[in-house]
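Commentary on secondary and tertiary structure
The residues making up each chain are set out below.
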Amino acid sequence: MAGINLEELIAQQKNLQNILDNLMEGIIAHDMQRHILFFNRAAERITGFTRDEVIGRDCHTVFGNPFCGAKCSFCGQIELPDNFTQHSYTINATTKSGEVRHIEMSVTGMRDESQTIIGVLAAFRDLTDIISMQLKLGELTSFSGIIGRDRKMREVFEQIRNLAATDFAVHITGETGTGKELVANAIHDQSPRAGKPFVPVNCGALPEGLLESELFGHVKGAFSGAIRDKKGRFELAHGGTIFLDEVSELPRHMQVKLLRVLQEGTFERVGGEKTVTVDVRVISATNRDLRREMELQNFREDLYYRLSVVPVRIPALRERKNDIPLLATHFLKQAAQNGKKPATLSREALSLMMDYPWPGNVRELQNAVHFALVKSRYETIQPEHLPLELRKMTCAPARPGPECRLTKEMVVQALAQSAGNRSRAARLLGVGRATLYRFLDKNIDVS
């Protein structure tokens, strides 16, 4: 009888394995010591590792590092909380051949009869090709929390994906309000460092006297008010990413200290003698031209080349106007209160928003939506609910057909926004340069 039961059990196990081997999702199971107990065919196909190479081995050893990167629950002390149920997240996993794949992972605890967790079962699927196709076809309306579908934004999304697979320093440029921190955070979240700290620092907002202490920390008694040892932002970002916004605002002496961190990964706290070593990815950003700052001797050349290993430029909102309806709808949904239906934009209001040049970019668009929501009392937004500067800019963008009528007020505003650059002012107004020049010739006082 015992033999029959054993045969039945073996048959059941084989049937179960056949079932799991025919799933499109990869399945991996390991015990509390991370020893892999099961690895189906889809897992072999996705990772490039064979079942014989992984069964019985520590998953960290097999893959060379945690398969789940910084989101692994089995790094350090292996002890899961009793309420551990199911975790879902995305990771960038490296295959046996060194290729980086975008993986959607779902992890659940396996329990015995006493409900004690005795292992982990993970199901995962490869989204790399799906996301690539969606990006090419323009089907994605957002990526890693960033809203956009315009071709220029799809190029940024592709850059984020590529950069997430590396650990190079990245320098992000873009006008104020374009979302530089969002892009930096997306690079972090898509990288193996996801799950570790993302520490943003606004270099221009910190007083120069406190900047070194904020970045590198200080020891007790280093200066008046230093009543205890304090970690700096670089230590807090250990294992993760530090984002240095407005990096062009760093004074020269701080640029030297930052250069050392980038070169050696070491520094000393203010007033301290002990060398601190950190493992941090550095992403920087500025709305200035760092090359120009370098030529003016305001920014060190060696630091520039250390920071700008891979440059990323975020387009201004006026360069991707097709995203305005998408962004406005997103902000309206975000602002919907107590589960109420989001407010809507009238066609006339949206037309004004499409015509406006948005010098403050996405941040200004969000503020304009919130302003209009208050005036419209969260109902349909009409032109009169929009901020005054939008209602003034009534000229439509250049398109086939009669050109719109320019006014002195519109031209003065466009010239101010373009710092006197007439070609750029013409683009803001949506007219040809010849049209603007003719208007200026007849209205000499405008120029």
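Provided above is the structure to which this section pertains.
Please read all numbers here as calculations on a predicted model, not as lab measurements.

About the criteria used
Residues numbered from 1 in each chain as written. Predicted model: local features only at pLDDT ≥ 70, side-chain atom pairs only at ≥ 80, totals over all residues. Heavy atoms only, no water. Helix = DSSP H or I, 4+ residues; strand = E, 2+ residues; numbered from the N terminus. Buried < 20%, exposed > 50% of the residue type's maximum accessible area, 1.4 Å probe, protein only. Areas by Shrake-Rupley, 256 points an atom, 1.4 Å probe, with all protein chains shown as cover. Pairing = 2+ DSSP bridges. Axes fitted to C-alpha atoms, helices over the stretch in contact; angles between N-to-C directions. Core = buried A, V, L, I, M, F, W, Y, C linked by side-chain atoms within 4.5 Å. Arc of directions from axis to C-beta. Contact = heavy atoms within 4.5 Å. Salt bridge = Lys/Arg side-chain N within 4 Å of Asp/Glu carboxyl O. Phe/Tyr/Trp six-rings, centres within 6.5 Å; stacked < 30°, edge-to-face > 60°. Polar contact = N/O pair within 3.5 Å; in protein donor to acceptor, adjacent residues only side chain to side chain.

Attention now moves to the overall build of the protein chain. In terms of regular secondary structure, the protein chain is built from 19 helices and 14 strands. Here the protein chain, with 447 residues, has 45% of them falling under the buried criterion. Approximately 23800 Å² of the protein chain is accessible, and the part contributed by carbon and sulfur atoms is 50%.

Right, let's talk about the sheet that holds strand β14 (residues 310–313) for a bit. Judged by pairing direction, the sheet is parallel, and its 5 strands sit side by side in the order β9-β10-β13-β8-β14 without closing on themselves. Lying at the two open borders of the sheet, with one neighbouring strand each, are β9 (198–202) and β14. Across the sheet, the mean angle separating the axes of adjacent strands is 20 degrees when strand polarity is ignored.

One finds L215, F234 and L244 to be the most contacted residues of the largest nonpolar core, which totals 29 residues. Every element with two or more residues in this core is listed here: β9, α8 (208–216), β10 (241–245), α10 (252–264), α11 (290–295) and α12 (301–307). At 5 residues, α10 tops the list of elements feeding residues into this core. A43, I46, F63 and M105 belong to the second-largest nonpolar core, a separate cluster that totals 25 residues.

Moving on, we get to helix α14 (residues 347–355). Residue pairs spaced three or four apart in an α-helix point in one direction, given the helix's 3.6 residues per turn. When we look at burial in α14, the residues that qualify are A349, L352, M353 and D355. All buried residues of α14 lie within an arc of 165 degrees about the axis, which places them on one face of the element. At its buried positions, α14 is contacted by α13 (324–335), α15 (361–376), α16 (388–392) and α18 (422–429).

Time to look at the pairing of strand β4 (residues 100–111). Across 9 bridges, the pairing between strand β3 (residues 86–94) and β4 is antiparallel. The residue bridging T94 from the neighbouring strand is V100, located in β4. Examined bridge by bridge, β4 and strand β5 (residues 117–126) share 9 bridges and lie antiparallel to one another. Within β5, the position partnered with T108 by the bridge is L121. Hairpin geometry of β4 and β5 is characterised by an intervening segment of 5 residues between the two adjacent antiparallel strands and by a positive phi of about 70 degrees at Q115.

Let us look at the pattern of salt bridges. Under the criterion given, the structure shown has 23 salt bridges. Among the ionic pairs, D58 bridges to R34, the shortest N-O distance being 3.0 Å. With D58 in the loop between α3 (51–54) and α4 (59–63) and R34 in the loop between β1 (26–31) and β2 (36–39), the pair connects residues that are 24 residues apart, well separated along the chain. Neither residue differs from the other here; D58 and R34 are each classed as buried. Salt-bridge contacts for R292 lead to E295; the nearest nitrogen and oxygen are separated by 3.6 Å. Taken as a pair, R292 and E295 lie in helix α11 at a separation of 3 residues, close to a single helical turn. Given a relative accessible area of 44%, R292 falls into the partly exposed group.

A few words now on the sheet that holds β4. Strand order in this open sheet of 5 strands is β2-β1-β5-β4-β3, and the pairing throughout is antiparallel. Two strands lie at the open edges of the sheet, namely β2 and β3, each paired on one side alone. Taking each pair of neighbouring strands and ignoring which way they run, the sheet shows an average axis angle of 25 degrees. Direction of pairing for β1 relative to β2: antiparallel, over a ladder of 3 bridges. Residue pairing in the sheet places H30 in a bridge with I36 of β2.

This part covers α8. Looking at α8, one finds that the buried residues are L211, S213, E214, L215 and F216. On the buried face of α8, the contacting elements are β9, α9 (233–236), β10, α10 and β11 (266–268). Positive backbone phi, at 85 degrees, marks G217, one or two positions downstream of α8.

Across the 6 residues that make up strand β13 (residues 281–286), a large majority, 6, are buried. Burial of β13 is two-sided: the residues R281, I283 and A285 facing one way and the residues V282, S284 and T286 facing the other way are all buried. In terms of strand pairing, strand β8 (residues 170–173) meets β13 through 4 bridges, oriented parallel. Following the sheet pairing, I172 is matched in β13 by A285. With 4 bridges joining them, β10 and β13 adopt parallel strand pairing. Within β13, the residue paired with F243 across the bridge is I283.

Our focus in this paragraph is the packing of aromatic side chains. Under the defined criterion, the tally for this structure stands at 8 aromatic pairs. Arranged with centres 5.2 Å apart and planes meeting at 90 degrees, the rings of F49 and F63 form a pair that is edge-to-face. Taken as a pair, F49 in the loop between α2 (41–47) and α3 and F63 in helix α4 lie far apart in primary sequence, 14 residues in all. Each of the two residues, F49 as well as F63, counts as buried. Joined through ring pairs, the aromatic side chains of F216, F234 and F267 make up one cluster.

Moving on to the side chain of R34. For R34, a relative accessible area of 13% corresponds to the buried category. Engagement of the side chain of R34 in a polar contact is seen with the side chain of D58, the distance being 3.0 Å.

For the rest of this paragraph, the subject is the side chain of T286. When you line up the elements, T286 lands in strand β13. Owing to a relative accessible area of 0%, T286 belongs among the buried residues under this scheme. At a separation of 3.1 Å, a polar atom in the side chain of T286 contacts the side chain of S248. At 3.0 Å, the side chain of T286 and the backbone nitrogen of R288 are in polar contact. Aside from chain neighbours lying at most four places away, what touches T286 is H171, I172, T173, G174, K180 and S248.

Just distances and angles here, no functional claims.
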